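Reading the structure
Each chain is listed here by its residues.
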Amino acid sequence: MPRQILSVGTIAASIAVLLAVDGRPAFADNLQRLSGAQIRAKLAGKQFTDEVHWRDVYERDGRFRGYSMGRKSTGKWSIRGDELCLVLPAPDDGCFEVTASGRRVVMTPMGNGLVIEGVIEPISDPK
């Protein structure tokens, strides 16, 4: 039993180290918040991916294709003000603040949800 408590404590400490004071990942220090026009320029005709488990394709015409662990989802994406908004089956839809530094992008949900980090790259299966 004490070994399990130590493991939970170690995990909690690790999570605390990864989060900044405002709840964003600690690596976000060099990221800059993007405007709506910058989000469109960064995402349109590209894919956002963790390079292993998932990728999200942002077609120039507003169509969205997501691939995660062998599953495909489709929907629409748009810019509203300075936020990226996705229309997908719940609970994956919603709007996000987008920050970036080079290829690295972080999407922070405007409501409930997890912060998503990945990189921008050319679409790997252009149509």
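Above this text sits the structure in question.
Below you will find a few notes about this structure. Small disclaimer: the values here were computed from a predicted structure and weren't measured.

Details of the environment of isoleucine 39
Within the secondary structure, isoleucine 39 is located in helix 2 (residues 36-43). With 39 residues separating them along the chain, isoleucine 39 and serine 78 place their C-alpha atoms 9.7 Å apart. Filtering out sequence-adjacent residues up to four positions away, isoleucine 39 remains in contact with Leu34, Ile79, Asp82, Glu83, Leu84 and Val98.

Comments concerning unusual backbone geometry
Residue glutamate 51 is not a glycine yet carries a positive backbone phi of 70°. Within the element layout of this structure, glutamate 51 appears in the loop between strand 2 (46-49) and strand 3 (54-58). Among the residues examined, glutamate 51 registers a relative accessible area of 51% and is labelled exposed. Even without being glycine, methionine 69 reaches a positive phi, approximately 50°. Its place among the elements puts methionine 69 in the loop between strand 4 (63-68) and strand 5 (71-80).

Comments concerning the pairing of strand 6 (residues 83-87)
In terms of strand pairing, strand 5 meets strand 6 through five bridges, oriented antiparallel. Opposite lysine 76, over in strand 6, you have valine 87 as the bridge partner. In this sheet, strand 7 (residues 94-101) lies alongside strand 6 in antiparallel orientation, the contact comprising three bridges. Its bridge partner lying in strand 7, cysteine 85 is registered against cysteine 95. In sequence, strand 6 turns back onto strand 7 through a hairpin of six residues.

Conventions we followed
Residues numbered from 1 in each chain as written. Predicted model: local features only at pLDDT ≥ 70, side-chain atom pairs only at ≥ 80, totals over all residues. Heavy atoms only, no water. Helix = DSSP H or I, 4+ residues; strand = E, 2+ residues; numbered from the N terminus. Contact = heavy atoms within 4.5 Å. Buried < 20%, exposed > 50% of the residue type's maximum accessible area, 1.4 Å probe, protein only. Pairing = 2+ DSSP bridges.

These figures come from the coordinates and say nothing about function on their own.
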